[in-house]
Amino acid sequence: MGEYYRWVNVDKKEYICPEDFDYGSKFGASMHKDSTPLHALHSLLTDEWKGDRVLWFGDECSVPEQSSNGVIKTLYEQSVEFGYPEDAFDMICESYRNVSCLFKEAEEDVREWIEDDLEEYRENGKLDHFNEYGIDFDNPYEGLFLKTAKRRMFTINHTKKIYYTFAETDMLFLDRTKNDYGDPLPILMGYGRVTEPGEWLGDVIGVSDQRPEGYSLIKEICMKW
C-alpha cells in the first residue's frame, strides 16, 4: 500500500491532507513545487501557522519515548495523553483538525465528506467517528473554502537563519543533475518509514515574497530520499 503523509502542525493540533486536494499522499506525491498541497502549506505558514512547528509526517512510523528532537518529543507526549503511546498518526487523525477545508482548492472533495457527515448527523444525532474538519453542524460551511493556496518566493528556516528560492538555489538529484520540478521541503521536514528524519525537523519554518534580511541563501540542495 505504501506510507501516507500529512502536513502536521503540532502546536495548533491541525493538519492538511493532500488527498483533499485530489493529490496522492505518499512521500513524493506532493513534492512538485507547483503542487496544490504545498501551496496550501505556504498560505498557512504566512498566516494561521506562522511561527509554529510543522512536519511532513508518515503513517507507518511510531514516535519513540526518548527523542532529542522537540517536535517528536511533543508528538510522543500528545500520544500518551491520547492513550496510545507512540501511535502519533492515529492520534492526529482522531484528535487534530483537518484544515484542508479552509481552502477553495479542496472544496469539491471536502464538501462531499462533509455532506456525508451531515447526513449521518441528521439520522443519528451524532457521528460514529471524529469530526475531522471541526464543523459546526448548525452552520457547517461557515468560514470554509475561503483561503487560496499560493506559493511564496522564499522558504525560510528561522531557527537556522537560512533560506532557499527556486530563482537562485540549485535543486539537484543524487547524481548532481538538475531537479527542475521538486521542492525539497518534504525531505527537509519529513519523518516516516521511507525517509530519514529531515534536517529541518523541529525548526520554525516560514515563507515570504520578501528576502529575509540577515539570513544566508542556500546555494544548492541535494534532494536525497
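Just above sits the structure.
Described below are features of the structure shown in this document. Numbers given to residues run from 1 along each chain, matching the order in which its sequence is written. The model is predicted, so local features are restricted to residues of pLDDT at least 70 and side-chain atom pairs to those at 80 or more, both for listing and for counting; the totals for chains, interfaces and linings are taken over all residues. The side-chain values count all of the structure's non-hydrogen atoms but skip hydrogen atoms and water molecules.

1. A word on helix H1 (residues 36-45)
At step 1: Buried residues are those whose accessible area, probed at 1.4 Å on protein chains only, stays under 20% of the maximum for their type, while exposed residues exceed 50% and partly exposed ones sit between those limits. Where helices and strands are cited, they refer to DSSP runs of H or I of at least four residues and of E of at least two residues respectively, numbered from the N terminus. Among the ten residues that make up H1, nine are buried, leaving the element largely enclosed by the rest of the structure.
At step 2: Within H1, the full set of buried residues consists of Pro-37, Leu-38, His-39, Ala-40, Leu-41, His-42, Ser-43, Leu-44 and Leu-45.
At step 3: Contact between two residues is taken to exist if any of their heavy atoms lie within 4.5 Å; hydrogens are not considered. Of the surrounding secondary structure, the elements contacted by the buried residues of H1 are strand E1 (5-9), strand E2 (14-16), strand E3 (54-58), strand E5 (154-157), helix H5 (185-188) and strand E9 (205-208).

2. Observations concerning the environment of Gln-210
At step 1: Along the chain, the position of Gln-210 falls in the loop between E9 and strand E10 (216-217).
At step 2: Residue classification places Gln-210 among the exposed residues on the basis of a relative accessible area of 60%.
At step 3: Gln-210 sits 58 residues away from Arg-152 along the chain, and the two C-alpha atoms are 8.8 Å apart.

3. Some points on the sheet that holds E5
Across a sheet, paired strands are connected by hydrogen bonds in the backbone, their directions being either parallel or antiparallel.
At step 1: Judged by pairing direction, the sheet is mixed, and its four strands sit side by side in the order E9-E5-E6-E10 without closing on themselves. The open sheet has two edge strands, E9 and E10, and neither has a second partner.
At step 2: Should DSSP find at least two bridges between two strands, the strands are taken to pair. In this structure, E5 lies alongside E9, joined through four bridges in antiparallel fashion. Following the sheet pairing, Ile-156 is matched in E9 by Gly-206.

4. Some points on the packing of aromatic side chains
A ring pair, where both rings are aromatic, is described by two values, the distance of the centres and the angle of the planes.
At step 1: Two aromatic rings from Phe, Tyr or Trp, using only the six-membered ring of Trp, form a pair when their centres are within 6.5 Å; if the ring planes differ by under 30 degrees the pair is stacked, by over 60 it is edge-to-face, and anything between is tilted. Considering all chains together, one arrives at 13 aromatic pairs under this definition.
At step 2: Both rings, one in Tyr-121 and one in Phe-137, keep their centres 4.1 Å apart while their planes meet at 5°; by these two values the pair is stacked. Residue Tyr-121 is found in helix H4 (residues 107-124), and its partner Phe-137 is found in the loop between H4 and E5; the two are separated by 16 residues along the sequence.
At step 3: Here the aromatic rings of Tyr-164 and Phe-166 are separated by 6.2 Å at their centres, their planes lie at 90°, and the arrangement is edge-to-face.
At step 4: Taking the relative accessible area as the measure of exposure, Tyr-164 reaches 1% and is therefore buried.
At step 5: Among the aromatic residues, those joined into a ring-pair cluster are Tyr-5, Trp-7, Phe-27 and Trp-56.
At step 6: Think of it as a cone above the ring: NZ of Lys or CZ of Arg counts as a charge over the ring if it is within 6 Å of the ring centre and within 35 degrees of the ring normal. Against the face of Phe-166 rests Lys-33, its NZ or CZ located 5.1 Å from the ring centre.
At step 7: Lying over the aromatic face of Tyr-141, Arg-111 brings its terminal NZ or CZ to 4.3 Å of the ring centre.

5. Notes on the nonpolar core
At step 1: Ranked by size, the top nonpolar core spans 40 residues in total, and within it Trp-7, Ile-16, Leu-41, Trp-49, Tyr-164, Leu-185 and Trp-200 carry the most contacts.
At step 2: Contributions of two or more residues to this core are made by E1, H1, E3, H4, strand E6 (162-164), H5 and E9.
At step 3: Sort the elements by how many residues they give to this core and H1 lands first, with five residues.
At step 4: For Trp-7, the residues in contact, after removing those within four places along its chain, are Glu-14, Tyr-15, Ile-16, Leu-38, Leu-41, Trp-49, Val-54, Leu-55, Trp-56, Leu-185, Pro-186 and Met-189.
At step 5: Counting residues in hydrophobic clusters, the runner-up holds 18 residues, among them Val-8, Cys-17, Leu-55 and Tyr-76. Think of a nonpolar core as a cluster: buried Ala, Val, Leu, Ile, Met, Phe, Trp, Tyr and Cys residues, connected wherever their side-chain atoms sit within 4.5 Å.

6. Quick notes on the sheet that holds E2
At step 1: The five strands lie next to each other as E4-E2-E1-E3-E8, forming an open sheet whose pairing is mixed. Looking at the sheet topology across the chains shown, the edges are occupied by strand E4 (97-98) and strand E8 (190-191).
At step 2: Summarising the sheet, E2 and E4 pair through two bridges and their orientation is parallel. Note on E4: the bridge partner recorded for Tyr-15 is Asn-98.

7. Observations regarding unusual backbone geometry
At step 1: For Glu-86, which is not a glycine, the phi torsion comes out positive at approximately 80°.
At step 2: Examined against the element boundaries, Glu-86 turns out to sit in the loop between helix H2 (70-82) and helix H3 (88-95).
At step 3: Note on Glu-86: relative accessible area 33%, which makes it partly exposed.
At step 4: Backbone geometry places Arg-176, a non-glycine residue, at a positive phi of 70°.
At step 5: Mapped onto the fold, Arg-176 is located in the loop between strand E7 (170-172) and H5.

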